[in-house]
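Architecture and fold: a report
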Amino acid sequence: MARLAARLLVLASLQGGRAFDLPDLPDMPSMSKFANSASNALPNMVAGSEMGVGGGNDGWTCPDMQGEMAKYPSGWPTKLDCGIYWYGPGGQFKRATPAQKVELTNPSTWVRESDGYANATERFNNQFYDPYRNTMIFFHGWSGTTAWIPQTCSRLSTMNPGPNQTQIDIAASWFADGWNVGFFYWDQFADEPCLRDAEQKLWFDRGGNGLRWASYSPSNSSVSWEHYLGEEESVSEMCAASVKEAMGDFYGGRTVRFVGHAIGAQLATSCAAKLHAEKHVAAPQRLALLQPFFATRDFSFFGMGIRCGQFTNDDGIQDFAASATVSFVKELWLLNRVVTEIYSSEMPSESGMGGLANEHLEMHTVLTKYDPLWCHGNADKHCMNVATLALYFLSMGSAPPPLVPTLPSGLPGQLTEQSVQPGVCRVPSASCSDEQLRALIERRTAASTDAENTEAGSGDSSAGATIVNGGAFAATASAFAANVVPPQEVWKQVAGGTTLDTNDDVYELVIAPTANDATPLEGAAEMMSQEMLNSGVVPNPLVEAAVNSDIVLAKRDWGLTRAVALDNPKNGMSMLQAKAGLAALAAIVCVSLLVFGVISLGSRLSARGFSKADGSENDLEADASSNGSDAEDEASDVGSVRELSSGRSGS
């Protein structure tokens, strides 16, 4: 427990000593009682979705064993294969190779080494990764589903079922827009019979004996537990290490986006916080949480609960995962203005967030509700869960959907010219820019700027961390200022839900109950949607200037991350950087010469002082010698006079 507490203290630090408001960690019994320790094998499981009990392995088979296994030279699923895979068009993929890192003690690593490719296109076609593209990394959730599990030798990928039993590439628009698309696979850790156990691995090694993972042998359909005993003590730490290894220290894209699905939303958030704490060049500027979920006890009665089909009095870590995720989202916004967008097929009160996500998560995010009616009229919960993933990916290929006004009756209005304006983001979407979504969140936080300043410890409302987009929403913000928490805005889909095509989607702005049960003002949704249609929301230039000065983004343009190739930003440094570098070099030379001159002058003055002292001593000796000679001469003269006087007397 002491070791775990120390790890959590490290987890709690972010930028400049600022600590996260992490919850207290309760006692954690060993997770081994949920495993079949006698046979060291996975117990029988019941097939289900991520919201329920785990996927099955009783009599499992691996279709096309040789073909599937050949795709993974790592030895997956028998050997552990956890890390990032880069995807290309048509479902092609390659495991990420280590990118160049800077070692301060090794000057040869201070400049970017040539990778042998003639241009960026050739590089991407061979690696499915280019360090100067924008980057999206996806984090899957629990492996407890029959749709994709290691025991069937299948992994979630960019290829998904489409209409008429076809396969569609849900990332095609991302590739067309010039993005790197990566998947962080942790499926062998996630393949737990109990969702709660998979979730806890995201944060720490609960048993203290290494993170356990499932090893499958397709040749004889056997499975066993193994334990990872590496340096990392959580899947989040493994994630941060994988991102740093895959993207290195020479990443130069303008934005990085982490997309997490179900409990993978927790992983995306925690991994992002770790990278920002280290101020790593690959730290993300945006988080997309798709159908975020937090595990709880299924049922409680007189202190006993049913967890994964078993009676237990173990509360585990209670709501630590939810509280920590909320804290990270809040701090990433306050300190770095990292945008967090949430997409769900359920309203907040219906989703797995439940009461665990408090007002801070509502305050610092934008929330969109999909309505996938093609999931058998919303009767298929598993379909709705997966639909959120597909709809978000596909929305990158469509302009931000239109917003219709909310009528006084509460019903959605009709499309107008204001509803459809190219390049305007009134509804959160994957195709909205980071700046546009940041403006939507800034607008919400206008009513609580002073409170946030006090809580953040800044004490003022100067540029950067506290500037908000006032604009036409100042009246609305002040109207809600009386509430402890501004009402939760939800962009709710009202049309286009019968198709997978995102081009026919239409949304309205509604007000959902908040975590503190604040009652929305009458007509609030109508007023806010109309103001948004009339005036829109534009990024605040002062906020964006502060964001662009963030050390993470600065590292992508400066520092020891560029080779010397003037005016070629993809291979070297710009003229501005070259001039600044030369100016710095000139300053160093001038200061060195000045110091040398001062030292040299001091030496000369000191030498001259010693020379004068020696001359004075010689003069004194000469004077003394001269005086002595004069005295002798005088004595001689006196003697001569006496002799002469004596001679005269004798005469």
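Structure's up top.
For the structure given in this document, a descriptive report is provided here. This is a predicted model, so every value here is computed, not measured.

1. A word on the pattern of salt bridges
- For the coordinates displayed, the defined rule picks out twelve salt bridges.
- Note that Arg 196 and Glu 199 form a salt bridge whose closest N and O atoms lie 3.3 Å from each other. Taken as a pair, Arg 196 and Glu 199 lie in helix H6 (residues 195–201) at a separation of three residues, close to a single helical turn.
- Of the residues examined, Arg 196 reaches a relative accessible area of 7% and is grouped as buried.
- For Glu 199, a relative accessible area of 0% puts it in the buried group.
- Of the charged contacts in the structure, one is a salt bridge between Arg 286 and Glu 341, with a shortest N-O distance of 2.6 Å.

2. Things to note about unusual backbone geometry
- Residue Pro 77 is reached from Trp 76 by a cis peptide bond, and omega for that bond is 5°.
- Position of Pro 77 relative to the elements: it lies in the loop between helix H2 (65–70) and strand E1 (83–87).
- Of note, Gln 291 is a non-glycine position whose phi angle comes to about 50°, a positive value.
- Structurally, the position occupied by Gln 291 is in the loop between strand E10 (286–290) and strand E11 (299–301).

3. Focus: the pairing of E10
- Burial analysis of E10 places five of its five residues in the buried class, which makes it a mostly covered element.
- Alternating positions in E10 separate into two faces, Arg 286, Ala 288 and Leu 290 on one and Leu 287 and Leu 289 on the other, with burial throughout.
- Of the strand pairs in this sheet, strand E9 (residues 256–261) and E10 are connected by five bridges, and their pairing is parallel. Pairing of Arg 257 across the sheet is with Arg 286, part of E10.
- Read as a crossover between parallel neighbours, the route from E9 over helix H8 (residues 264–277) to E10 is right-handed.
- Pairing of E10 with strand E14 (residues 339–344), which is carried by five bridges, proceeds in the parallel orientation. Within E14, the position partnered with Ala 288 by the bridge is Glu 341.

4. Overview of the packing of H8 against helix H9 (residues 320–336)
- Running from amino to carboxyl end, H8 crosses H9 at an angle of 45°, the nearest separation of the two axes being 9 Å. Classified by the angle their axes make, H8 and H9 are oblique. Of the two elements, H8 crosses H9, and the hand of that crossing is left-handed. Two secondary-structure elements touch here, H8 through Gln 266, Thr 269, Ser 270, Ala 272, Ala 273 and His 276 and H9 through Ala 321, Thr 325, Phe 328, Val 329, Leu 332 and Asn 336.

5. Regarding the nonpolar core
- Counting 59 residues, the largest nonpolar core has Trp 86, Ile 137, Phe 184, Trp 186, Val 243, Met 247 and Phe 258 as its most contacted members.
- By size, the runner-up hydrophobic cluster in this structure holds 45 residues, among which are Trp 76, Ala 171, Trp 174 and Trp 179.

6. Some remarks on the packing of aromatic side chains
- If you walk through the whole model with that rule in mind, you get 23 aromatic pairs.
- With a centroid separation of 5.3 Å and an interplanar angle of 25°, the aromatic rings of Tyr 72 and Phe 93 are classed as stacked. Separated by 21 residues along the polypeptide, Tyr 72 in the loop between H2 and E1 and Phe 93 in strand E2 (residues 93–95) bring together distant segments of the chain.
- Accessibility expressed as a relative area gives 5% for Tyr 72, which makes it buried.
- Taking the centre distance of 5.0 Å and the plane angle of 55° together, the rings of Tyr 343 and Tyr 392 count as tilted. Pair noted here: Tyr 343 is in strand E14 and Tyr 392 is in helix H11 (residues 381–394), with a separation of 49 residues, a long-range link. Neither Tyr 343 nor Tyr 392 differs from the other in exposure class; each is buried.

7. Here's the deal with the pairing of strand E15 (residues 366–369)
- Burial along E15 is two-sided: Val 366 and Thr 368 facing one way and Leu 367 and Lys 369 facing the other are all buried.
- Where E14 and E15 come together, four bridges link them in parallel fashion. Opposite Ile 342, over in E15, you have Leu 367 as the bridge partner.
- Note: E15 against strand E16 (residues 488–495), three bridges, orientation parallel. By the bridge assignment for E16, Lys 369 is matched with Lys 492.

8. Some thoughts on the side chain of Thr 158
- Positionally, Thr 158 belongs in the loop between strand E3 (134–139) and strand E4 (159–161).
- With residues up to four places along the chain from it excluded, the contact list for Thr 158 reads Tyr 87, Gly 91, Ile 168, Asp 169, Ile 170, Ala 171, Val 181 and Phe 183.

9. Description of the state of the cysteines
- Using the criterion set out here, one finds three disulfides in the structure.
- Each disulfide pairs two cysteine sulfurs, and for Cys 239 the partner residue is Cys 271, the sulfurs being separated by 2.2 Å. Disulfide Cys 239 to Cys 271: torsion about the S-S bond roughly -90°, handedness left-handed. Here Cys 271 lies in helix H8 and Cys 239 lies in helix H7 (residues 235–247), a separation of 32 residues in the sequence. For the pair formed by Cys 239 and Cys 271, the shared burial category is buried.
- Note on cysteine connectivity: Cys 425 is disulfide-linked to Cys 432, with sulfurs 2.1 Å apart. Handedness of the Cys 425-Cys 432 disulfide follows from its S-S torsion of about 90°: it is right-handed.
- Cys 239 supplies the cysteine sulfur nearest to Cys 82, a cysteine that is in no disulfide, at a spacing of 8.4 Å.

Conventions adopted
Residues numbered from 1 in each chain as written. Predicted model: local features only at pLDDT ≥ 70, side-chain atom pairs only at ≥ 80, totals over all residues. Heavy atoms only, no water. Salt bridge = Lys/Arg side-chain N within 4 Å of Asp/Glu carboxyl O. Helix = DSSP H or I, 4+ residues; strand = E, 2+ residues; numbered from the N terminus. Buried < 20%, exposed > 50% of the residue type's maximum accessible area, 1.4 Å probe, protein only. Pairing = 2+ DSSP bridges. Right-handed = clockwise from strand over helix to strand, strands pointing away. Axes fitted to C-alpha atoms, helices over the stretch in contact; angles between N-to-C directions. Parallel < 35°, antiparallel > 145°, perpendicular 65-115°, else oblique. Left-handed = near helix turned anticlockwise from the far one by under 90°. Contact = heavy atoms within 4.5 Å. Core = buried A, V, L, I, M, F, W, Y, C linked by side-chain atoms within 4.5 Å. Phe/Tyr/Trp six-rings, centres within 6.5 Å; stacked < 30°, edge-to-face > 60°. Disulfide = S-S within 2.5 Å.

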